[in-house]
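Summary of the model geometry
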Amino acid sequence: MGKYVIAGNWKMNKTPAEATALINEIKPLVADAACDVVVGVPFVDLPAALAAVEGTKIGVAAQNCHWEKSGAYTGEISAEMLAAMGVGYVILGHSERRTYFGDTDETVQKRMRAALDAGLTVILCVGEYLTQREQGVTNEVVAMQTKIALGGVSAEEMARVIIAYEPVWAIGTGLTATNEQANEVCAMIRTTIAGLYDQAVADAVTVQYGGSMNAGNAAALLAQSDVDGGLIGGASLKAADFAVIVGAAK
Ligand code: PGA
């Protein structure tokens, strides 16, 4: 299936100096990684992170971007600005953005367009709330989020899109999805992509699982047929744990 990508989502953690220190700790531990490795850091840590990863294959992600190139949008950061500083990736549509900051499928689609136009690779987060899983609409919710976010994205551009399936109930809760639950939805996402594009695009896309993935459960999750990596929150802030997860992605 897709190329394995392990990405850390640091969320609102670490000062620039702390980011440098953590990346310096991570670097030797992932030097022989068989997968792509990315660290998703707060905006103000981006210069420090870019400097710290220089000479390595570790990629750097921002955690959001605005859809306009520039303008009167106080407090926002554009995809153009990220690309200009050498950032390669951006996380979009994270459930914390959707839940606390009003991101919607429609604004995620606009951010996606801006990010791809700026040359960035997007880690698109999708996932259901617990009530939606309990009501049996997980597939519908995740398929809809995926389809709307990818509206207007070409087959060629899909080479720069990673999808992270993150059940909201599993994020930061310690309640990891079972291997079967994770694989089932990741497979459904791939089928959705095959429907939007074709089987070749679906086979090539990286579909990550995220939500309480850790050093203990990563190997089993990553061994699932349709799970091509992970988006890691809490465990990505501990160099040794993050390195174990990277090592499990083969
Ligand atoms: P978690 O977060 O690993 O701490 O559950 C995952 C995420 O929000 O991307």
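Scroll up to find the structure.
Residues numbered from 1 in each chain as written. Predicted model: local features only at pLDDT ≥ 70, side-chain atom pairs only at ≥ 80, totals over all residues. Heavy atoms only, no water.

**Here we look at the environment of Gly216**
Condition: A helix here means a DSSP run of H or I that spans at least four residues, while a strand means a run of E at least two residues long, and both kinds are numbered starting from the N terminus. The cut-offs for exposure are 20% and 50% of the maximum accessible area for each residue type, with area from a 1.4 Å probe on protein chains only; residues under the lower value are buried, those over the upper are exposed, and the others partly exposed.
Among the secondary structure elements, Gly216 is positioned in the loop between β7 (206–210) and α10 (218–222). Residue classification places Gly216 among the exposed residues on the basis of a relative accessible area of 72%. C-alpha separation for the pair Gly216 and Ile245, spaced 29 residues apart in sequence, amounts to 8.4 Å.

**Re unusual backbone geometry**
When glycine is set aside, most residues are seen to have a negative phi, and most peptide bonds are trans. Here the phi dihedral of Lys11 falls at roughly 55 degrees; this positive angle occurs in a residue that is not glycine. Within the element layout of this structure, Lys11 appears in the loop between β1 (5–9) and α1 (16–29). With a phi angle near 85 degrees, Lys14 is a residue other than glycine that sits in the positive phi range.

**Focus: the pairing of strand β5 (residues 121–126)**
Put simply, the rule reads: A pair of strands counts as paired when DSSP detects no fewer than two bridges linking them.
Counting buried residues in β5 gives six out of six residues, a clear majority hidden from the surface. By the bridge criterion, four bridges tie strand β4 (residues 89–92) to β5 in an arrangement that is parallel. Considered in β5, the bridge of Tyr89 is made with Thr121. Inspection of the sheet shows β5 paired to strand β6 (residues 161–165) by five bridges, in the parallel sense. The partner of Val126 across the bridge, within β6, is Tyr165.

**Let's talk about the sheet that holds β1**
Stated precisely, the cut-off is as follows: Simply put, an axis is a line fit to the C-alpha atoms, just over the touching stretch for a helix, and the angle between two N-to-C directions goes from 0 to 180 degrees. Two residues form a contact once any of their heavy atoms are found within 4.5 Å.
If you trace the eight strands once around the closed barrel, you get β1-β2-β3-β4-β5-β6-β7-β8, paired in parallel fashion. When strand polarity is set aside, the average angle formed by the axes of neighbouring strands in this sheet is 25 degrees. Against the sheet, helix α8 (residues 179–196) makes contact with β5, β6 and β7, and its axis sits at roughly 145 degrees relative to β6, the strand it touches most. In this fold helix α11 (residues 239–248) packs onto β1, β2 (36–40) and β8 (229–232), with an angle of close to 160 degrees to the strand it touches most, β1.

**A few points about the environment of Pro47**
Looking at where Pro47 falls in the secondary structure, it is placed in helix α2 (residues 46–53). Between the alpha carbons of Pro47 and Met85 there is a distance of 7.8 Å; along the sequence they are 38 residues apart.

**Here's the deal with the packing of helix α5 (residues 105–117) against helix α7 (residues 138–149)**
For any two helices packed against each other, one specifies the crossing angle of their axes together with the interaxial distance. Quick reminder of the rule: The labels follow the angle: roughly parallel below 35 degrees, roughly antiparallel above 145, roughly perpendicular from 65 to 115, and oblique for the rest. Should the near helix be turned counterclockwise from the far one by less than a right angle, the crossing is left-handed, whereas a clockwise turn marks it as right-handed.
Between α5 and α7, whose axes approach to 8 Å, the crossing angle comes to 40 degrees. With respect to their mutual orientation, α5 and α7 come out oblique. Pair α5 / α7 crosses with right-handed handedness. Contacts between α5 and α7 involve Asp105, Glu106, Val108, Gln109 and Met112 on the former and, on the latter, Met144, Gln145, Ile148 and Ala149.

**Some words on the site of the ligand**
The condition that has to hold: For each residue, the test is whether any non-hydrogen atom lies within 4 Å of the molecule or strand; if one does, the residue is near. Think of a polar contact as two N or O atoms within 3.5 Å of one another; within protein, one of them needs to be a possible hydrogen donor and the other a possible acceptor, and neighboring residues in sequence only count if both atoms come from side chains. Computed with the Shrake-Rupley method and a 1.4 Å probe, the accessible areas treat only the protein chains shown as cover for residues. Under the convention adopted here, Pro, Cys and the residues Ala, Val, Leu, Ile, Met, Phe, Trp and Tyr are nonpolar, Asp, Glu, Lys and Arg are charged, and Gly plus all remaining residues are polar.
Taken together, 13 residues form the shell around the ligand, and within it Lys11, His94, Glu166, Gly172 and Ser212 come nearest. In this structure, an oxygen atom belonging to the ligand sits 2.7 Å away from a side-chain N or O atom of Lys11. For the ligand, an oxygen atom lies 2.6 Å from a polar atom in the side chain of His94. Here the ligand has 280 Å² of accessible area as a free molecule, and 95% of this is covered by the chains. Looking at the shell around the ligand residue by residue, the classes come out as four nonpolar, seven polar and two charged.

**A short note on the side chain of Asn64**
As for its placement among the helices and strands, Asn64 is situated in the loop between β3 (59–62) and α3 (79–84). Taking relative accessible area as the criterion, Asn64 reaches 5% and is therefore assigned buried. Contact partners of Asn64, with chain neighbours within four places excluded, come to Phe43, Leu82, Val90, Ile91, Leu92, Arg97, Asp103 and Arg111.

**Focus on the pairing of β2**
Across a regular strand the side chains alternate sides, sitting on one face of the sheet and then on the other. To keep it simple, the criterion reads: Here the term right-handed applies to a crossover when the path leading from its first strand over the helix to its second strand runs clockwise, the strands being oriented away from the viewer.
In terms of residue burial, β2 counts as a mostly covered element, since four of its five residues are buried. Two elements, β1 and β2, share five bridges in a ladder whose sense is parallel. Opposite Gly8, over in β2, you have Val39 as the bridge partner. With respect to chirality, the unit in which β1 leads through α1 into the neighbouring parallel β2 is right-handed.

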